Amino acid sequence: MDLRVKLPGLDLKNPIIPASGCFGFGREFAELYDLSKLGGIAIKSATPERRFGNPTPRVAETPSGMLNAIGLQNPGVDEIIEKELPWLAGFDTEIIANVAGATEDDYVTVIEKLNDSPVIKAYELNISCPNVKHGGIGLGTKPELAAKVTAMAKKAAKKPVYVKLSPNVTDIVEIAKAVEEAGADGLVLINTLMGMRIDLATGKPIIANVTGGLSGPAIKPVAVRMVYQTAQAVNIPIIGVGGITCAEDVLEFLYAGASAVEVGMYNFVDPYCCVKIIDELPKVLEKYGFSSVGEAVGKSFR
Amino acid sequence: MQAADVRVTENIKIAKDTYKMTMEWEKSSTMRPGQFVNVQVDGFMLRRPISISLVPDRRHFVIVYKIVGEGTAKLSQVKAGDIINIFGPLGSSYPIHDDTDSILLIGGGVGVPPLLELARVYKKIRMKTYVVLGFNDGESVFYEEEFKKLGCEVYVATMDGSYGVKGTVMDAIEAADIDSTFVYCCGPVPMLKAVEAKYTKGYMSFESRMACGMGACMACVAKDKKEENMYHRICKEGPVFPIGKVDY
């Protein structure tokens, strides 16, 4: 079974990538298994400066999922370059840097600093975070803003740029097209869906930030639908993400048009899930008559 | 740490809404007092972080939990013989000091359980151990006898006065005139604050809403009390911290 996937900048030995924010910089999971088994790793968001993030509680359970409002807590790009990337260099897996910021210039700053690292193979722009120069809305909610930050990132970047799209929009295809036109090398979809939970005893929101991003199996059908719609409208590859728990889920995303996938919150449910999915994937692909990952991509509309 | 399917050998009610679950696991002896396990509950997504209460022998460990929501209610229905998945042991443990004359263990409600394993470890070095337990009412009291069996000097306080000293653990400490100054403490935030106002030496353990339980997701962080830009993960650097270390 051929599990290899070749994407701009990424030579994946298999299509499984732990999603940014759910895997830190891999140190904790490295105590459980060899990170070189993974196709790639989307590391925790990098911002120009260290960020402490939001007040706690930052998470709440939901039916078939969870809400989180971590708030991009990270040690800042300089410390990531100094401490985390040299350590990650010891693994045979493709490292994707998730880039975030409060302004468009933040993305450029982070990318310029990461450009010279041989460890980073591609960038993934997190355009869902609130932007201080645009009234706190996410750049991913307006086609022109998404396109602008993509173009700025592309100009600065010496490696391929993937854009992780927010699902909290009326028309994801419109955003995807705008980002493609601005030069994106690939898309990652979807980020979390904005949600909320209220404590019955106190009558107040459980999450200190009030709202949080919903992830987990609860959002999988939304993610599959958005990948399906987007894959037919753009000519750049898509990495699918949202609620994947098993190899069958991966196949569903491949059918929808994703070339590879990211696995997020399920790492918290079963910390070994990524390697289990990698082990199971050949059997599942074979069961449905495929001899490679690539053959299944886009089957739902081809 | 590792995830493992373990057999439940007992899951019984020991006080109001409070259950004690014993599990069989061949790696129980790797568990240290103050550490926790992240317990998978059938039908729920996120695991429940629950402190390790006792390691009675090399092949068994005990957790004590209170029904506070649907997940713990479901956990209370688990029967002896059932298999559940646990992930652990996780987090830091209570450091053991043999250079102090006596220790004072202060527990409130479901903060009491991890102190029992600590008392068991201290018994081995024959440390003079005072234990002060606080509960809302007499129906909620548990583990008084277990601590006594380990040779500890035990005092109980209840908020409504239906058992032991009426009031908080601080009232009980005062009433018994306990002069030990090296403290281990686990319980609700008001209790931790009161303990921290009186004692400077020792350790506290914290609870928090967690997701991964292993330090990856940054859900359960707390700021350092002194250093502006330093933060600690309750699940990784904690749940045990020196008194006065974290802002909560």
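Residues numbered from 1 in each chain as written. Chains lettered and ligands numbered in written order. Predicted model: local features only at pLDDT ≥ 70, side-chain atom pairs only at ≥ 80, totals over all residues. Heavy atoms only, no water.

Taking an unreviewed UniProt entry as the reference, chain B is identified by name as Dihydroorotate dehydrogenase B (NAD(+)), electron transfer subunit belonging to Gallibacter intestinalis. We quote the UniProt Function (unreviewed entry) comment for chain B here in full: "Responsible for channeling the electrons from the oxidation of dihydroorotate from the FMN redox center in the PyrD type B subunit to the ultimate electron acceptor NAD(+)." (UniProt positions renumbered as here; feature names shortened; annotations may be inferred.)

As named in an unreviewed UniProt entry, chain A is Dihydroorotate dehydrogenase, taken from Gallibacter intestinalis. Among the UniProt annotations of chain A, the heading Subcellular location (unreviewed entry) holds the following wording: "Cytoplasm". Its UniProt record gives chain A a comment under Function (unreviewed entry), which states: "Catalyzes the conversion of dihydroorotate to orotate with NAD(+) as electron acceptor."

Engineer: What is the right way to read the overall build of chain A from this model?
Structural biologist: From N to C terminus, chain A includes 9 helices and 14 strands. Relative to its length of 302 residues, chain A is compact, with a C-alpha radius of gyration of 18 Å against a globular reference of 19 Å. Each principal axis of the C-alpha distribution contributes one length, and for chain A these read about 50 × 50 × 40 Å. The buried share among the 302 residues of chain A stands at 62%. For chain A, contacts bridging at least 24 residues in sequence account for 71% of all contacts bridging at least 6. Accessible area for chain A stands at about 11400 Å²; split by element, carbon and sulfur atoms hold 51% of it. Put simply, chain A has 30 plus and 35 minus side-chain charges, and the middle of one group is 2 Å from the middle of the other. (Helix = DSSP H or I, 4+ residues; strand = E, 2+ residues; numbered from the N terminus. Rg over C-alpha atoms; globule rule 2.2 N^0.38 Å. Buried < 20%, exposed > 50% of the residue type's maximum accessible area, 1.4 Å probe, protein only. Contact = heavy atoms within 4.5 Å. Areas by Shrake-Rupley, 256 points an atom, 1.4 Å probe, with all protein chains shown as cover. Lys, Arg positive; Asp, Glu negative; His and termini not counted. Charge placed at Lys NZ, Arg CZ, Asp CG, Glu CD.)

Engineer: What is the right way to look at the UniProt feature "active site" (unreviewed entry) in chain A in this model?
Structural biologist: Residues and elements named next belong to chain A. As annotated in UniProt, the feature "active site" (unreviewed entry) corresponds to Cys129 in the numbering used here. Tracing the backbone through its elements, the reader meets Cys129 in the loop between strand 8 (120–126) and helix 3 (143–156). With a relative accessible area of 7%, Cys129 lands in the buried category. Setting aside chain neighbours within four positions, we find Cys129 in contact with Leu72, Ala100, Gly101, Tyr107, Ile137, Gly138 and Leu139.

Engineer: Sorry if this is basic, but what is going on with the domain arrangement of chain B here?
Structural biologist: Interface extent is often summarised as the accessible area lost during association of the parts. Residue and element names in this part refer to chain B. Domain assignment breaks chain B into domain 1 (2–90), domain 2 (94–204) and domain 3 (206–248). The centre of domain 1, based on its C-alpha atoms, is set 22 Å off from the matching centre of domain 3. Taken together, the 7 residues of domain 1 in the interface contact 9 residues of domain 3. For the interface between domain 1 and domain 3, the tally reads 0 salt bridges. One can count 1 residue pair in polar contact (both at pLDDT 80 or more) joining domain 1 with domain 3. Sorting the residues of the side of domain 1 that touches domain 3 by element identifies strand 3 (36–39) and strand 6 (83–90) as the ones contributing at least two each. Of the residues that constitute the side of domain 1 that touches domain 3, the class distribution is 5 nonpolar, 2 polar and no charged. (Domains from an automatic or database assignment. Salt bridge = Lys/Arg side-chain N within 4 Å of Asp/Glu carboxyl O. Polar contact = N/O pair within 3.5 Å; in protein donor to acceptor, adjacent residues only side chain to side chain. Nonpolar A, V, L, I, M, F, W, Y, C, P; charged D, E, K, R; others polar.)

Engineer: So what exactly am I meant to see when it comes to the UniProt feature "binding site: [2Fe-2S] cluster" (unreviewed entry) in chain B here?
Structural biologist: Mapped onto this numbering, the UniProt entry annotates "binding site: [2Fe-2S] cluster" (unreviewed entry) at Cys212, Cys217, Cys220 and Cys235 of chain B. These residues run over 24 residues, yet every pair of their C-alpha atoms falls within 10.1 Å of each other. Counting through the fold element by element, Cys217 of chain B comes out in the loop between strand 12 (201–205) and strand 13 (221–223). By relative accessible area, which is 5% here, Cys217 of chain B ends up buried. Ignoring sequence-local partners within four residues, the contact set of Cys217 of chain B consists of Gly21, Ile70 and Phe268 of chain A together with Ala211 and Cys212 of chain B. Mapping Cys220 of chain B onto the fold places it in the loop between strand 12 and strand 13. Given the relative accessible area of 4%, Cys220 of chain B is considered buried. When sequence neighbours within four positions are dropped, the list of residues in contact with Cys220 of chain B reads Ser208, Arg209, Met210, His232, Arg233, Ile234 and Cys235 of chain B.

Engineer: How should I be thinking about the sheet that holds strand 1 (residues 2–15) of chain B in this particular structure?
Structural biologist: Strand pairing within a sheet occurs via backbone hydrogen bonds; the two strands may be parallel or antiparallel. Residues and elements named next belong to chain B. Taking strand neighbours around the barrel as the criterion, the 6 strands line up as 1-2-5-4-3-6 in a closed arrangement whose pairing is antiparallel. In this sheet, adjacent strand axes meet at a mean angle of 45 degrees when their direction is disregarded. Against the sheet, helix 2 (residues 113–124) makes contact with strand 4 (48–57) and strand 5 (60–66), and its axis sits at roughly 30 degrees relative to strand 4, the strand it touches most. (Pairing = 2+ DSSP bridges. Axes fitted to C-alpha atoms, helices over the stretch in contact; angles between N-to-C directions.)

Engineer: Just to check I follow, could you spell out the environment of Asp199 of chain A for this structure?
Structural biologist: Residue and element names in this part refer to chain A. Tracing the chain through its elements places Asp199 in the loop between strand 11 (193–195) and strand 12 (212–215). Exposure remark for Asp199: the relative accessible area of 23% places this residue in the partly exposed category. Setting aside its immediate chain neighbours within four residues, Asp199 contacts Lys204 and Ile206.

Engineer: In this structure, what is going on with the nonpolar core? I would like to understand it.
Structural biologist: A general trend in soluble globular proteins is that nonpolar side chains are found buried together. Tyr33, Leu165 and Leu187 of chain A together with Ile106 of chain B are the most contacted members of the largest nonpolar core, which totals 153 residues. In terms of residues, this core owes the most to one element, helix 8 (residues 273–287) of chain A, which gives 8 residues. If we ignore the near neighbours within four places in the chain, the residues touching Tyr33 of chain A are Phe23, Leu38, Pro271, Tyr272, Cys274 and Val275 of chain A. Tyr122, Tyr184, Cys186 and Val240 of chain B belong to the second largest nonpolar core, which has 30 residues in total. (Core = buried A, V, L, I, M, F, W, Y, C linked by side-chain atoms within 4.5 Å.)

Engineer: Looking at this structure, I do not really get the UniProt feature "binding site: substrate" (unreviewed entry) in chain A. What am I missing?
Structural biologist: All names here are of chain A. The positions that UniProt labels "binding site: substrate" (unreviewed entry) are, in the present scheme, Lys44, Asn68, Ala69, Ile70, Gly71, Leu72, Asn126, Asn191 and Thr192. Counting through the fold element by element, Asn68 comes out in strand 6 (residues 65–68). Judged by its relative accessible area of 24%, Asn68 is partly exposed. Apart from residues no more than four positions distant in its own chain, Asn68 is found in contact with Arg58, Val59, Thr192, Ile207, Gly212 and Gly213. Among the polar contacts made by the side chain of Asn68, one reaches the main-chain amide nitrogen of Ile70 at a distance of 3.4 Å. Among the secondary structure elements, Thr192 is positioned in the loop between strand 10 (186–189) and strand 11. Once residues within four sequence positions are removed from consideration, Thr192 is found in contact with Asn68, Pro167, Asn168, Gly213, Leu214 and Ser215.

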